[in-house]
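Listed below, chain by chain, are the residues.
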Amino acid sequence: MTKTKNSKIYAFIDSQNLNLGVRSQGWVLDFKRFKKYLEDKYDVSKDFLFIGYVAGNESLYTYLQRSGYIVIFKPTLEYKKDGEIHTKGNVDAELVLHTMIEYNNYDKAIIVSGDGDFHCLIEYLEQKNKIGRVIIPNRKSYSQLLWKFRKHMDYMNNLKEKLEERK
């Protein structure tokens, strides 16, 4: 990604994909350090983090906001499957919508997700020369629909030491 002195670079983060992708590698992401990493490495000026809202997680949401993220909530649904209660809060539509709402406000967008549902968004941003990078949380587990954008990809597999939550 070519940065110019006055480029505005925004990050659009699929928090569920990021969290699960990192945890599948055996570590927990420190979101505050991740935000600093995005600022330092990619010169990101705004970080939009998309997350399903679950009552009882208010301290997490406060922490994310205090860390500097613009947190976009998606209502969640609870459902029973095999006698267990599951929560569903797919943020894909919100991420795409906000990427387009903010379209005229940034020069480059960074998409943080390995979800193939973002194929059309990334393709459009690439056609308009607005894609910065696609950050894949787990190189070993992402949608092959995104493979054609590999020249724009960075992977988080070797960032454990830099971004792992410290207790």
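Residues numbered from 1 in each chain as written. Predicted model: local features only at pLDDT ≥ 70, side-chain atom pairs only at ≥ 80, totals over all residues. Heavy atoms only, no water.

Trainee: Would you mind showing me how to read the pairing of strand 2 (residues 44–53) here?
Mentor: Side-chain direction in a regular strand flips from residue to residue, so the side chains alternate between the two faces of the sheet. Extensive coverage of strand 2 is indicated by the burial of seven of its 10 residues. Across six bridges, strand 1 (residues 9–14) lies against strand 2 in parallel orientation. Pairing of alanine 11 across the sheet is with aspartate 47, part of strand 2. Relative to strand 3 (residues 70–75), strand 2 runs parallel, the two being bridged by six bridges. By the bridge assignment, isoleucine 51 is partnered in strand 3 with phenylalanine 73. The β-α-β motif built from strand 2, the intervening helix 3 (residues 58–66) and the parallel element strand 3 has right-handed crossover chirality. (Buried < 20%, exposed > 50% of the residue type's maximum accessible area, 1.4 Å probe, protein only. Helix = DSSP H or I, 4+ residues; strand = E, 2+ residues; numbered from the N terminus. Pairing = 2+ DSSP bridges. Right-handed = clockwise from strand over helix to strand, strands pointing away.)

Trainee: Teacher, can you tell me more about the side chain of histidine 152 here?
Mentor: Take histidine 152: it is sitting in the loop between strand 7 (131–136) and strand 8 (153–155). The class of histidine 152 is buried, set by a relative accessible area of 12%. Among all residues touching histidine 152, those that are not within four sequence positions of it are Glu126, Ile131, Gly132, Arg133 and Val134. (Contact = heavy atoms within 4.5 Å.)

Trainee: Mind showing me how you'd approach the sheet that holds strand 1 here?
Mentor: Backbone-to-backbone hydrogen bonds join strands into a sheet, with any given pair of strands oriented parallel or antiparallel. In space, the six strands of this open sheet follow the order 3-2-1-6-7-8, with parallel pairing throughout. Because the sheet does not close on itself, it has two edges, and the strands there are strand 3 and strand 8. Direction aside, the axes of adjacent strands within the sheet are offset by 20 degrees on average. As paired elements, strand 6 (residues 108–112) and strand 7 share four bridges and run parallel to each other. (Axes fitted to C-alpha atoms, helices over the stretch in contact; angles between N-to-C directions.)

Trainee: Honestly, the packing of helix 4 (residues 92–101) against helix 5 (residues 119–127) in this entry has me stumped. Any pointers?
Mentor: Helix-helix packing is characterised by the crossing angle of the two axes and by the distance between the axes. Across the interface, helix 4 lies against helix 5 with an axial gap of 10 Å and an inter-helix angle of 20 degrees. One finds that helix 4 runs roughly parallel with respect to helix 5. Like other packed secondary-structure pairs, helix 4 and helix 5 cross with a definite hand, here left-handed. Facing helix 4, whose interface residues are Leu95, Val96, Thr99 and Met100, helix 5 presents Leu121, Tyr124 and Leu125. (Parallel < 35°, antiparallel > 145°, perpendicular 65-115°, else oblique. Left-handed = near helix turned anticlockwise from the far one by under 90°.)

Trainee: Whenever I open this one, the environment of histidine 98 confuses me. Can you help?
Mentor: By the secondary structure assignment, histidine 98 is in helix 4. Spatially, the C-alpha atom of histidine 98 lies 8.3 Å from that of phenylalanine 12, the residues being 86 residues apart in sequence. Apart from the residues within four sequence positions on either side, histidine 98 is in contact with Phe12, Phe50 and Ile72.

Trainee: Could you clarify how one ought to interpret the packing of aromatic side chains in this entry?
Mentor: The description of an aromatic ring pair rests on the distance of the ring centres and on the angle between the ring planes. Across all of its chains, the model carries 13 aromatic pairs by this definition. Plain terms: the ring middles of phenylalanine 34 and tyrosine 37 are 6.3 Å apart, the flat faces sit at 20 degrees to each other, and that makes the pair stacked. Highlighted residues: phenylalanine 34 and tyrosine 37, both in helix 2 (residues 31–42), separated by three residues, approximately one helical turn. As far as the burial class goes, phenylalanine 34 and tyrosine 37 line up, both buried. Through a chain of ring-to-ring contacts, the aromatic side chains of Tyr10, Phe12, Phe48, Tyr103, Tyr106 and Tyr124 assemble into a single cluster. One residue, lysine 41, lies across the ring of tyrosine 42, its end atom 5.6 Å from the ring centre. Between lysine 130 and the ring centre of tyrosine 106, over which it is positioned, the NZ or CZ distance is 4.7 Å. (Phe/Tyr/Trp six-rings, centres within 6.5 Å; stacked < 30°, edge-to-face > 60°. Lys NZ or Arg CZ within 6 Å of the ring centre and 35° of its normal.)

Trainee: Hey, could you run me through the pattern of salt bridges in this one?
Mentor: Close approach of charged atoms lets side chains of opposite charge pair. The final tally for this structure, using the stated rule, is six salt bridges. Of the charged contacts in the structure, one is a salt bridge between aspartate 47 and lysine 35, with a shortest N-O distance of 3.0 Å. With aspartate 47 in strand 2 and lysine 35 in helix 2, the pair connects residues that are 12 residues apart, well separated along the chain. The exposure class of aspartate 47 is buried, given its relative accessible area of 1%. A relative accessible area of 8% means that lysine 35 is categorised as buried. With a shortest N-O distance of 2.9 Å, aspartate 40 and lysine 36 are connected by a salt bridge. Linking aspartate 40 with lysine 36, this pair stays in helix 2, spanning four residues, or about one helical turn. Here lysine 36 falls in the partly exposed class, since its relative accessible area comes to 46%. Overlapping salt bridges bring together Lys35, Glu39 and Asp47 as one network. (Salt bridge = Lys/Arg side-chain N within 4 Å of Asp/Glu carboxyl O.)

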